[in-house]
Amino acid sequence: MVVTVKNRGIGIAPRKVRLVADLIRRRSAQDALKVLRFNPKQEIALVLTKLINSGLAIAVESEKVDLDLLHVTKITVDGGRTLKRFQPRAKGRAFRIRKRSSHVTVELAEEGREGTEKE
């Protein structure tokens, strides 16, 4: 069974989230949680931890999956909405500030299974 969990509109730039997401890709769910626990980028790690825990809760509820066999098979970080702001500068000029957001998708599947299978 494959469990897919999404979080849209995270107020962190996708480039920063991808750095942490690359650390947990293709790891078991328990190892991924351990890596995130001691990651220095705590705000991003907290968001990803909540996503993985949500996926584990969905898997427990369905009662078709062994939690020890679940792996992070696929994690994608896409760009979300960009808020455009202006900062005043000298001599009447203005600089554009882009506040980027992210959409994160985490896919948990049992070891040995791929995310493309249908059940």
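Conventions we followed
Residues numbered from 1 in each chain as written. Predicted model: local features only at pLDDT ≥ 70, side-chain atom pairs only at ≥ 80, totals over all residues. Heavy atoms only, no water. Helix = DSSP H or I, 4+ residues; strand = E, 2+ residues; numbered from the N terminus. Expected span 1.5 Å × (residues − 1). Buried < 20%, exposed > 50% of the residue type's maximum accessible area, 1.4 Å probe, protein only. Contact = heavy atoms within 4.5 Å. Axes fitted to C-alpha atoms, helices over the stretch in contact; angles between N-to-C directions. Parallel < 35°, antiparallel > 145°, perpendicular 65-115°, else oblique. Left-handed = near helix turned anticlockwise from the far one by under 90°. Nonpolar A, V, L, I, M, F, W, Y, C, P; charged D, E, K, R; others polar.

(A) View of helix α3 (residues 42-62). Taking 1.5 Å of rise per residue, the 21 residues of α3 would be expected to cover 30 Å, and the 30 Å separating its terminal C-alpha atoms lies within 8% of that figure. Restricting attention to buried positions, one finds in α3 the residues Ile44, Ala45, Val47, Leu48, Leu51, Ile52, Gly55, Leu56 and Ala59. Against the buried residues of α3 lie β1 (2-10), α1 (14-24), α2 (29-37), β2 (70-79) and β5 (102-110). Within two residues after α3, Glu63 carries a phi angle of roughly 60°, on the positive side.

(B) Up close: the packing of α1 against α2. For the pair α1 and α2, the least separation of the axes is 9 Å and the interaxial angle reads 140°. Relative to α2, the element α1 is oriented oblique. Taken as a pair, α1 and α2 cross one another with a handedness that is right-handed. Contact with α1, carried on its side by Val20, Leu23 and Ile24, involves Ala32, Val35 and Leu36 of α2 and no other residues of that element. In terms of residue class, the contact of α1 with α2 is built from six nonpolar, no polar and no charged.

Any functional reading would require information that these geometric values do not contain.
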